[in-house]
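# Fold and geometry: a report
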Amino acid sequence: MAPELETNIDERELDDLAIEALAEAYAAPAPPRLRERIVAAVDRERERGRSARTVQRTRVVGALAASLALVFAGLFARELQRGRESGIELAALARQNELLAQQNGVLATRLDEQGREIVEQRRVLTGLHEALESQSQVLRLVGGPRVRTATLAPQKGVTGTGRVLVDAASGDAAIVLSGLPPLEEGKTYELWVIRGKKAPEPAGLVAVSDAHGGAVRMPSVPRPNEVTAFAVSIEPRGGSTSPTGPIVLVGPVAG
Amino acid sequence: MEQTEDIDAGLVARMALGDESALTALYDRLSSLAYGVALRVAGNSDAAEDAVQEAFLRVWRRADRFDASRGRARPWFLRLVRNVAIDQRRARGVRDRAETEKILDVSDKIPADQPDDIASRAERATRLRAALEQLLPVEQRRAIEIAYFEGLSHSEIAEREGMPLGTVKTRIRDGVLRLRAFLGRDGHGA
């Protein structure tokens, strides 16, 4: 009698059942060598896997080593390049330093020149300042209420004129020369104060350039009210205590 | 059945970890079933050995792909053996039916000095085949064997046997259910 069939069974279970049942029904002992064949095949499979892994590891290690070599080579090349660049930079810096040194030399020369110019300019400025001061004093003197003047006339054979201004109270004095020739080396014009019949008194030296015009401040004249005349003579450089050279200008004090 | 399945699945799991002793243990448990299936499909012993070897190698390589939640290990492995054998047979393009028929009587091939479990399995196989012949009509048994040993779909069987598709499906299903009922009554465990 056929067994009662179940119908509420899924296809998967039926499939499993069928393949197992058929396998059981047709089971056959495998040849003994098959077991050894399979074990040997699995061993070869494992060995290949190990070899493949070894090769893979070798490749990985090799790749890492190659990468490291490349990295180190790159670093070395970079350092080498840096060294070369440093050398080039040092040479460039040396050239630059040389240029700078040359420029410094030029600048130092210019600085020296400018220093000298500054000194000269200071000297000129000082001279101008003194001249300005002198002119200011002369102007104050000219505009003063008690100024006395002496017009200096040329002596025979002499060209040029002069005027002396003196403050009657303070004795401040100034001289204006015009037309006098420049003197030879070692000579100078010297102003003299004359008080009546007394011997001329030195009143200061007048530079040659001063003789070409403009008021020149002179040393203060003691007792200006007693002065009767002024004279200019040519004296040795440094002046004299009494006239030794020719009198070129002379004139009485007016006022 | 459950205990048996646990053992097979456990062995596959151990193989996934590279345990070669699990492979030999699984071989000892399933080789006669696998070889029987392969022999039935391949038609000759050399091809059957090749199929079984290839199936065990594939299990060794792919043991980690076995998912116990999707089915039991034994039918999974037996289907793999069958599929490998079918593929190899198709690759060869030849099937020696005569040899197949000759070797189907496996009881003759059991050596006298085989271990008891193998002899016992051979005896059980003989009884199962006898049951198949008694339980299932020839056409039903033939449909089942074509489906499971030749790998043809129900449509292909219907076309080849010249019968309606529904008839093929019914024959196979009824035949498998009868087989299942017999196994349950007879105390056989796969």
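Residues numbered from 1 in each chain as written. Chains lettered and ligands numbered in written order. Predicted model: local features only at pLDDT ≥ 70, side-chain atom pairs only at ≥ 80, totals over all residues.

Time to look at the overall build of chain B. A tally of regular secondary structure across chain B gives 9 helices and 0 strands. In sequence order, chain B lays out its α and β elements as α-α-α-α-α-α-α-α-α. Every one of the 190 residues in chain B was classed for burial, and the buried ones make up 37%. A separation of at least 24 residues holds for 66% of the contacts in chain B among residues at least 6 apart in sequence. (Helix = DSSP H or I, 4+ residues; strand = E, 2+ residues; numbered from the N terminus. Buried ≥ 20, exposed ≤ 12 C-beta atoms within 10 Å, placed from the backbone. Contact = placed C-beta atoms within 7 Å.)

In this section: the overall build of chain A. For chain A, the helix and strand inventory stands at 2 helices and 8 strands. Across the 255 residues of chain A, 23% fall into the buried class. Sequence separation of at least 24 residues holds for 59% of the intrachain contacts in chain A that already meet a minimum separation of 6.

We now examine the sheet that holds strand 2 (residues 161-167) of chain A. All names here are of chain A. Overall, antiparallel pairing links the 8 strands, which are arranged 5-4-7-8-1-2-3-6 in an open sheet. Unpaired on one side and paired on the other, strand 5 (201-206) and strand 6 (215-218) mark the two borders of the sheet. Ignoring strand direction, the axes of neighbouring strands in this sheet form an average angle of 25°. Relative to strand 3 (residues 173-178), strand 2 is paired through 6 bridges, and the arrangement is antiparallel. Bridge pairing in strand 3 links Val166 to Ala173. (Pairing = 2+ DSSP bridges. Axes fitted to C-alpha atoms, helices over the stretch in contact; angles between N-to-C directions.)

Bringing the nonpolar core into the picture now. Grouped together as the largest cluster of nonpolar side chains are 60 residues, with contacts concentrated most on Ala34, Val37, Ala38, Ala51, Val52 and Val81 of chain B. Sorting elements by how many residues they give to this core places helix 2 (residues 20-42) of chain B first, with 12 residues. (Core = buried A, V, L, I, M, F, W, Y, C linked by C-beta atoms within 7 Å.)

Residues and elements named next belong to chain A. Positionally, Ile247 belongs in strand 8 (residues 247-254). Residues Ile247 and Glu235, spaced 12 residues apart in sequence, show a C-alpha to C-alpha distance of 9.4 Å. Excluding residues within four positions of it along the chain, Ile247 makes contact with Gln155, Ala231 and Ser233.

Helical geometry note: an α-helix holds 3.6 residues per turn, so side chains three or four residues apart project in the same direction. All names here are of chain B. With 13 residues, helix 7 (residues 138-150) should cover 18 Å at 1.5 Å per step; its first-to-last C-alpha distance of 17 Å lies within 8% of that length. What helix 7 keeps buried is the set Gln140, Ala143, Ile144, Ala147, Tyr148 and Phe149. Taken from the residues just after helix 7, Gly151 is the one with a positive phi, measuring 75°. (Expected span 1.5 Å × (residues − 1).)

Turning our attention to the pairing of strand 4 (residues 187-194) of chain A. All names here are of chain A. Across the 8 residues that make up strand 4, a large majority, 6, are buried. With 8 bridges joining them, strand 4 and strand 7 (residues 229-236) adopt antiparallel strand pairing. Note that in strand 7 the partner of Ile194 across the bridge is Ala229. Of the pairings in the sheet, the one linking strand 4 to strand 5 comprises 5 bridges and is antiparallel in character. If you follow Tyr189 over to strand 5, its bridge partner there is Val206. The antiparallel hairpin formed by strand 4 and strand 5 contains 6 residues in its connecting segment, where Gly196 sits at a positive phi of about 60°.

Let us look at the environment of Glu190 of chain A. Residue and element names in this part refer to chain A. Looking at where Glu190 falls in the secondary structure, it is placed in strand 4. In this structure the C-alpha to C-alpha distance between Glu190 and Arg237, which are 47 residues apart in sequence, comes to 9.4 Å. Here Glu190 is in contact with Pro202, Leu205, Val232, Ser233, Glu235, Gly239 and Ser240, once residues within four sequence places are set aside.

Next up on the list: the interface of chain B and chain A. If you look at the interface, chain B gives 52 residues, while chain A gives 31 residues. Looking at the side of chain B that touches chain A, its residues break down into 28 nonpolar, 8 polar and 16 charged. (Nonpolar A, V, L, I, M, F, W, Y, C, P; charged D, E, K, R; others polar.)

Right, let's get into unusual backbone geometry. Residues and elements named next belong to chain A. The phi dihedral of Arg223 is positive, around 45°, even though this residue is not glycine. Mapped onto the fold, Arg223 is located in the loop between strand 6 and strand 7. We classify Arg223 as exposed; it has 9 C-beta atoms within 10 Å.

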